Amino acid sequence: MKRGPFIAVEGPIGAGKTTLASMLSTELNIPILKEIVEENPFLDKFYQNIDEWSFQLEMFFLCNRYKQLEDTDLQYIAQDKPVISDYHIYKNLIFAERTLKGIKREKYRQIYHILTDDLPKPNIILYIRANLDTLLYRISKRGRDFEEQIDPAYLQQLIEDYDTAMASLAEREPATIIVPINGSEVDFVEHPEQFARIVAQVKEFIQ
Ligand SMILES: Nc1ncnc2c1ncn2[C@@H]1O[C@H](COP(=O)(O)OP(=O)(O)O)[C@@H](O)[C@H]1O
Ligand SMILES: Nc1nc2c(ncn2[C@H]2C[C@H](O)[C@@H](COP(=O)(O)O)O2)c(=O)[nH]1
């Protein structure tokens, strides 16, 4: 592998991204880059009225992730140091294509490409797929008040959007390694041997 591994854990809301990224970070002794969710001023409003707040929310996520990735590039990637992240910048587009409409969607697409096209992209993606029941259960287990309002139909659409987006990324970027994980069947939290299998897979790619 040419540069230090940049590993992203992806999947729809509640799939277990932050959990798996944190466990891998500890196990492999690789620094973690985590999304900060609690300080987001728009998420609560967004779930109350998606059409009203989607542009502000998507722009907020995009600007935050842009800044975080710029810093990550300087601190780790440009220095060939490994790093693991609980998101891929591409998720901005997955969500925005679902939540934005018309001219705002078009403007967002342009800004997204201007900001992100030259940013370093992960070379390994652990893609946690999970069914609707699993996601709803985990979201309620996590217990964030504002997420109680998530419409299951929105979540189901995101499950499908993620599948489409990962297939499209695989086609566009054949060098990116995508490791699918069935998050409804593989339980890396309760079953250490299942976590060990994921660790072994990742090690295969980074050594
Ligand atoms: N494999 C798993 N088995 C059981 N609970 C899990 C598993 N993965 C995640 N969780 C729990 O589900 C909730 C959501 O996980 P989280 O990692 O925050 O998801 P994400 O970052 O994808 O939104 C958390 O309460 C976490 O402890
Ligand atoms: N509309 C968008 N919502 C997003 C985006 N990234 C995250 N989120 C939401 C989904 C959850 O409620 C919360 C945390 O996300 P996790 O997947 O880490 O649970 O934030 C986005 O780009 N657009």
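Residues numbered from 1 in each chain as written. Chains lettered and ligands numbered in written order. Predicted model: local features only at pLDDT ≥ 70, side-chain atom pairs only at ≥ 80, totals over all residues. Heavy atoms only, no water.

## A short note on the packing of helix H1 (residues 17–28) against helix H8 (residues 192–206)
Counted only if it meets this: Geometry is summarised by axes, namely lines fitted to C-alpha atoms with helices restricted to the contacting stretch, and by angles between N-to-C directions that run from 0 to 180 degrees. Starting at the N terminus, helices and strands are each numbered in turn, a helix being any DSSP run of H or I of at least four residues and a strand any DSSP run of E of at least two. Small angles under 35 degrees read as roughly parallel and large ones over 145 as roughly antiparallel, with 65 to 115 read as roughly perpendicular and the rest as oblique. Working rule for handedness: look at the near helix, and if it is turned counterclockwise from the far one by less than a right angle, call the crossing left-handed; if clockwise, right-handed. Only heavy atoms matter for contacts: two residues are in contact if any of them lie within 4.5 Å across the pair. Gly falls in the polar group here, along with every residue not listed as nonpolar (Ala, Val, Leu, Ile, Met, Phe, Trp, Tyr, Cys, Pro) or charged (Asp, Glu, Lys, Arg).
It is at 11 Å that the axes of H1 and H8 come closest, and there the two elements cross at 65°. Taken together, the axes of H1 and H8 lie roughly perpendicular to each other. Relative to H8, H1 is oriented so that their crossing is right-handed. Side by side, H1 and H8 meet where Leu20, Met23, Leu24, Glu27 and Leu28 of the first sit next to Phe195, Ile198, Val199, Val202, Lys203 and Ile206 of the second. Looking at the contact of H1 with H8 residue by residue, the classes come out as nine nonpolar, no polar and two charged.

## Considering the UniProt feature "domain: Deoxynucleoside kinase" (unreviewed entry) in the protein chain
This is how it is decided: UniProt positions are given in the numbering used here, feature names are shortened, and annotations may be inferred rather than shown by experiment.
Mapped onto this numbering, the UniProt entry gives "domain: Deoxynucleoside kinase" (unreviewed entry) at residues 7–207. Note that residues 7–207 is 57% helix and 10% strand, and that its end C-alpha atoms are spaced 13 Å apart.

## Considerations on the site of ligand 2
Heads up, the condition is: We call a residue near a molecule or strand when any one of its heavy atoms sits within 4 Å of it. Identification of polar contacts relies on pairs of N or O atoms within 3.5 Å, with a donor-acceptor requirement for protein atoms, meaning one able to donate a hydrogen and the other able to accept it, and with residues adjacent in sequence counted only if both atoms are side-chain atoms. Here the accessible surface of atoms and residues is derived via Shrake-Rupley with a 1.4 Å probe, and residues count as covered only by protein chains that are part of the display. Cavities and pockets were defined on a 1 Å grid built from protein atoms only: a cavity is a group of points that admits a 1.4 Å probe but offers it no way out, a pocket is an open group of points flanked by protein on both sides within 12 Å along at least five of seven lines, and a lining residue is one with an atom within 4 Å of any such point. Each molecule is checked against the cavity or pocket grid, and it sits inside if more than half of its atoms lie within 2 Å of the grid points.
By nearness alone, 16 residues border ligand 2, and Lys17, Tyr47, Glu58, Arg65 and Glu147 come closest of all. Interatomic distance of 2.7 Å between a side-chain N/O atom of Arg65 and a nitrogen atom of ligand 2. At 3.1 Å, a side-chain N or O of Arg142 approaches an oxygen atom of ligand 2. For ligand 2, the accessible surface in isolation is 480 Å², of which the surrounding protein chains cover 98%. With respect to the detected pockets, ligand 2 is housed in the largest pocket.

## Overview of the site of ligand 1
Neighbouring ligand 1 are 13 residues, the closest being Lys17, Thr18, Thr19, Lys141 and Arg142. Take Lys17: an N or O atom from its main chain is 2.8 Å from an oxygen atom of ligand 1. The fraction of the free accessible surface of ligand 1 (560 Å²) that becomes covered by protein chains is 86%. The cavity where ligand 1 resides is the largest pocket. Elements represented by at least two residues in the shell around ligand 1 include exactly H1 and helix H6 (132–142).

## What about the layout of surface pockets?
In plain terms, the rule: Grid points are joined across faces, edges and corners, and a volume is the space filled by probe spheres set on the points.
Considering only enclosed or pocket space, the largest pocket measures out at about 750 Å³ in volume. In terms of lining residues, the largest pocket is bounded by 34 residues, among which Ile13, Gly14, Ala15, Lys17 and Arg142 are the most central. Elements with a minimum of two residues in the lining of the largest pocket: H1, helix H2 (43–48), helix H3 (50–75), helix H4 (91–99) and H6. The residue makeup of the lining of the largest pocket, split by class, is 14 nonpolar, six polar and 14 charged. When its volume is computed, the second largest pocket comes out at roughly 150 Å³. In terms of lining, the second largest pocket is formed by Tyr90, Leu93, Ile94, Glu97, Arg98, Asp161 and Ala165. Among the secondary structure elements, those contributing two or more residues to the lining of the second largest pocket are H4 and helix H7 (152–172). Sorting elements by how many residues they give to the lining of the second largest pocket places H4 first, with four residues. Across the lining of the second largest pocket, the residue classes break down as four nonpolar, no polar and three charged.

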